[in-house]
Amino acid sequence: MYKKLFIPGPVPVHPDILAAMATPMIGHRMKEYAELHGRITSGLKKVLFTQGKVFLATSSAFGVMEGAIRNLVGTRCANFCNGAFSDKWHDVTLRCGKQADAFRFEWGRPVTPEAVEQALSTGKYDSMTMIHNETSTGVMSPLPEIAAVMRKFPDVMFIVDTVSSMSALKVPVDELGIDSCIFGVQKAFALPPGLTVFTASEKALRRAAGMEGRGYYFDFTEFAANDAKDNTPSTPCISLIYAMDRQLERMFAEGLEARWARHRDLADFVRGWVTSRGFELFPEPGSCSLTLTCARNSRGIDLAALKKRLGEVGFAFDDGYGKIKGQTFRIAHMGDMIRADLDELFAAMIAIMPELA
Ligand SMILES: *Cc1c(COP(=O)(O)O)cnc(C)c1O
């Protein structure tokens, strides 16, 4: 039996999208592919509010997160870390042989514009990384306020992971001045894993062109050269690109504004459900994610038993990530989920633990 996923990624994929993946194969140097690629990158530009370049990479998010480091970090990188994924990005930066410092926030706290300003004012950095929505802690950092600070540092590359947020709310890439915005599609986009979308500003492409050791597979300048022909440097995951084509159609049919509103509604609903049952929200007030709710196990329920029993009745439930595993639980409400999906999960939780009613 397949479990219905309430974990923060991968998330459930709509049957129409799975069906689209069974479309017969085409060659990526055929004109059919260029048409598909062009249609998708123009659709993505609307979702990302960018007139710049949008690229498709065949890898999970960390492929391009590493690629961005190799292409864009010259002298030294400031990695802002407020959870497991941002910590890992710092580690990846060092593993790429780059000079970098981690600026750490207690888990549950957002990255703040003040900390960004303080770090970059030292003049030591030519690049920074941050995660918009830290999936490990359910914290969403204030991107518009941070972007306002970044305008004071035009020579610093602004590299942002939006893996678990892009499309759930408005993230206008150009207006925010993001140099490289990166997201894997298995979370907020609700596609199967294996495809990562990223942007590169003109400034980012100039930086990349002069960068040594940027490798081949994630070389931003290779992506730009191929983009001119609506293509990719190497063979892409065409089946997933069919899936993206279908998903963009579905997103525009729903309407972006309606999609954002649905996520606000789901977030309010889930936060209300957990807090009314005596669980505290893990994030600092005002920094709760719109796409997943991370709660403290304030009532000391047996989370491992709950996870196991939910699994037996067909639900995949998450009992925390990294160092807060067991002390927290996370409920995803991203992608194409609706209220009825969460009603189903909550009913199952109550059936297992009647004290949650
Ligand atoms: C899941 C996740 C990642 C890791 O992505 P992979 O696709 O597994 O490489 C990175 N950043 C965030 C915010 C995530 O939620």
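Refer to the structure printed above.
Remember, predicted model here, so these are calculated numbers, not experimental data.

What to know about the pattern of salt bridges
Then, in step 1: Scanning the model with the defined rule gives 25 salt bridges in all.
Then, in step 2: Between Arg246 and Glu249 there is a salt bridge whose closest N-O contact spans 2.9 Å. Of this pair, Arg246 and Glu249 both sit in helix α10 (residues 238–254), three residues apart, which is roughly one turn of that helix.
Then, in step 3: Taking the relative accessible area as the measure of exposure, Arg246 reaches 24% and is therefore partly exposed.
Then, in step 4: Through salt bridges with shared partners, one network takes in Arg250, Glu254, Arg259, Arg262 and Asp336.

A look at the site of the ligand
Then, in step 1: Taken together, the residues surrounding the ligand are Ser60, Ala61, Phe62, Met65, Phe85, Ile131, Asn133, Thr135, Asp161, Val163, Gln186 and Lys187.
Then, in step 2: In this structure, an oxygen atom belonging to the ligand sits 2.5 Å away from a side-chain N or O atom of Thr135.
Then, in step 3: For the ligand, whose free accessible area comes to 390 Å², the fraction covered by protein is 88%.
Then, in step 4: No other element matches helix α3 (residues 61–72), which puts three residues into the shell around the ligand.
Then, in step 5: Here the residues of the shell around the ligand are counted per class, giving six nonpolar, four polar and two charged.

Description of unusual backbone geometry
Then, in step 1: The step from Gly9 to Pro10 runs through a cis peptide bond, and the omega angle for that step is -10°.
Then, in step 2: Note that Pro10 resides in the loop between β1 (4–5) and α1 (15–20).
Then, in step 3: The backbone phi angle of Ser167 is positive, close to 95°, even though this residue is not glycine.
Then, in step 4: Tracing the sequence through the fold places Ser167 in the loop between β8 (157–161) and α7 (173–176).
Then, in step 5: Of the residues examined, Ser167 reaches a relative accessible area of 2% and is grouped as buried.
Then, in step 6: If you check the backbone angles, Asp230 has positive phi at about 50° while not being a glycine.
Then, in step 7: Mapped onto the secondary structure, Asp230 falls in the loop between α9 (220–227) and α10.

Definitions and cut-offs
- Residues numbered from 1 in each chain as written.
- Predicted model: local features only at pLDDT ≥ 70, side-chain atom pairs only at ≥ 80, totals over all residues.
- Heavy atoms only, no water.
- Salt bridge = Lys/Arg side-chain N within 4 Å of Asp/Glu carboxyl O.
- Helix = DSSP H or I, 4+ residues; strand = E, 2+ residues; numbered from the N terminus.
- Buried < 20%, exposed > 50% of the residue type's maximum accessible area, 1.4 Å probe, protein only.
- Near = heavy atom within 4 Å.
- Polar contact = N/O pair within 3.5 Å; in protein donor to acceptor, adjacent residues only side chain to side chain.
- Areas by Shrake-Rupley, 256 points an atom, 1.4 Å probe, with all protein chains shown as cover.
- Nonpolar A, V, L, I, M, F, W, Y, C, P; charged D, E, K, R; others polar.

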